[in-house]
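Here's the letter readout for the chains.
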Amino acid sequence: MKACAQTDRGRTRSMNQDFVYASLQPVGDLPNLFLVADGMGGHQAGDYASRYIVEKLSAYLRQARGTQIVSLLREGIQKANHMLYSESMNRTELRGMGTTLVAAVIDGDTMYVANVGDSRLYLVRDCLKQVTRDHSFVEEMVSLGKLERGSRDYRDQKNIITRAVGMEDRLEIDFFEVGLEPGDYVLMCSDGLSNMLEDAELEEIICSDLSLEEKTEKLITVANDNGGRDNISVILIEPEIGEEVRV
């Protein structure tokens, strides 16, 4: 398996409030771990939130023991959420902070995904398919039949999220289990990428003949060329299902 992770401030933001983590090596009892967090909050609260959740979650998972990947992720995210929420309650300058989080673990030919907020995970198999579901106002309106995806109202209100880590003491997390096949790619990203490129552009770059590192760099470059209106984070994974293990 190969992976490449990068984050970029973008063209318009004064700081980078995204944080990424990618380990191809075991993290505690997990065979690997990939995380993307997109923080929110005034001053440096968003930067603090994204970094805090990734560092606390990865530290917890290095010590936790168990064979059930979803259970480990659920307990770790809940504990990290409680700690972040307590920080915001105890420190006035951090009040109201929060962060999105998308996490992935690949075990053999199965990928386990956890998601809170509107950072995304895509599976690329012949075409691009979003695995996660955005926890956003517009997606809730779409599910109720009150808004058309891609409409002007949808685009204008797309950044209003309805769920984030650290905003409340208890957290609802979505989990997904995905079977992987030879030739698959996995893309994890913050909305600074997904809002700047159409699905067809994402698919074209990922399915190109470039190296994994070059694909990751090009995704960020094109997002900036298209406006770079937010921080941009990308983790691109090539699971190499069915291929000989490299030592």
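Up top you'll find the structure we're talking about.
Residues numbered from 1 in each chain as written. Predicted model: local features only at pLDDT ≥ 70, side-chain atom pairs only at ≥ 80, totals over all residues. Heavy atoms only, no water.

Chemist: If you had to explain the pattern of salt bridges to someone new, which residues and values would you point to?
Modeler: Any two side chains of opposite charge can pair if their charged atoms end up close together. Under the criterion given, the structure shown has 14 salt bridges. Across the salt bridge formed by Glu-87 and Arg-91, the nearest N and O atoms sit 3.5 Å from each other. A salt bridge links Glu-181 to Arg-125; its shortest N-O distance comes to 3.6 Å. One end of the pair, Glu-181, is in the loop between strand E9 (174-179) and strand E10 (185-189); the other, Arg-125, is in strand E7 (residues 120-125), with 56 residues separating them in the sequence. (Salt bridge = Lys/Arg side-chain N within 4 Å of Asp/Glu carboxyl O. Helix = DSSP H or I, 4+ residues; strand = E, 2+ residues; numbered from the N terminus.)

Chemist: Can you tell me about the packing of helix H1 (residues 45-63) against helix H2 (residues 69-90), naming the residues and giving the values?
Modeler: Relative orientation of the contacting elements H1 and H2 amounts to 140 degrees, with a least axis distance of 9 Å. In terms of their interaxial angle, H1 and H2 are classed as oblique. You can see that H1 and H2 cross each other, and the crossing is right-handed. Residues Tyr-48, Ala-49, Tyr-52, Ile-53, Lys-56, Leu-57, Tyr-60 and Leu-61 of H1 form the contact with H2, whose participating residues are Leu-72, Leu-73, Glu-75, Gly-76, Ile-77, Lys-79, Ala-80, Asn-81, Met-83, Leu-84 and Glu-87. Taken together, the residues of the contact of H1 with H2 break down into 13 nonpolar, 2 polar and 4 charged. (Axes fitted to C-alpha atoms, helices over the stretch in contact; angles between N-to-C directions. Parallel < 35°, antiparallel > 145°, perpendicular 65-115°, else oblique. Left-handed = near helix turned anticlockwise from the far one by under 90°. Contact = heavy atoms within 4.5 Å. Nonpolar A, V, L, I, M, F, W, Y, C, P; charged D, E, K, R; others polar.)

Chemist: Explain the packing of helix H6 (residues 199-206) against helix H7 (residues 212-225) to me, and be specific about the residues and the numbers.
Modeler: Where H6 contacts H7, the axes come no closer than 9 Å and their chain directions differ by 155 degrees. Considering the angle they form, H6 stands roughly antiparallel to H7. The way H6 lies across H7 gives a crossing that is right-handed. Seen from H6, the contacting residues are Glu-201, Leu-202, Ile-205 and Ile-206; seen from H7, they are Lys-215, Lys-218, Leu-219 and Val-222. In the contact of H6 with H7, the residues fall into 5 nonpolar, no polar and 3 charged.

Chemist: Pulling in residues and values, what's your account of the nonpolar core?
Modeler: Core analysis: the biggest nonpolar cluster contains 32 residues, and Leu-30, Leu-33, Leu-35, Ile-53, Leu-61 and Leu-101 have the highest contact counts within it. Taken together, the elements giving at least two residues each to this core come down to strand E2 (18-23), strand E3 (33-40), H1, H2, strand E5 (101-107) and strand E6 (110-116). Per-element accounting of this core gives the leading share, 7 residues, to H1. If near-sequence neighbours (up to four positions away) are discounted, Leu-101 is found in contact with Leu-35, Val-36, Ala-37, Ile-53, Leu-57, Ile-77, Ala-114, Asn-115, Val-116 and Val-165. In terms of nonpolar packing, the next biggest core, distinct from the first, is built from 21 residues, Tyr-185, Leu-187, Cys-189 and Leu-212 among them. (Core = buried A, V, L, I, M, F, W, Y, C linked by side-chain atoms within 4.5 Å. Buried < 20%, exposed > 50% of the residue type's maximum accessible area, 1.4 Å probe, protein only.)

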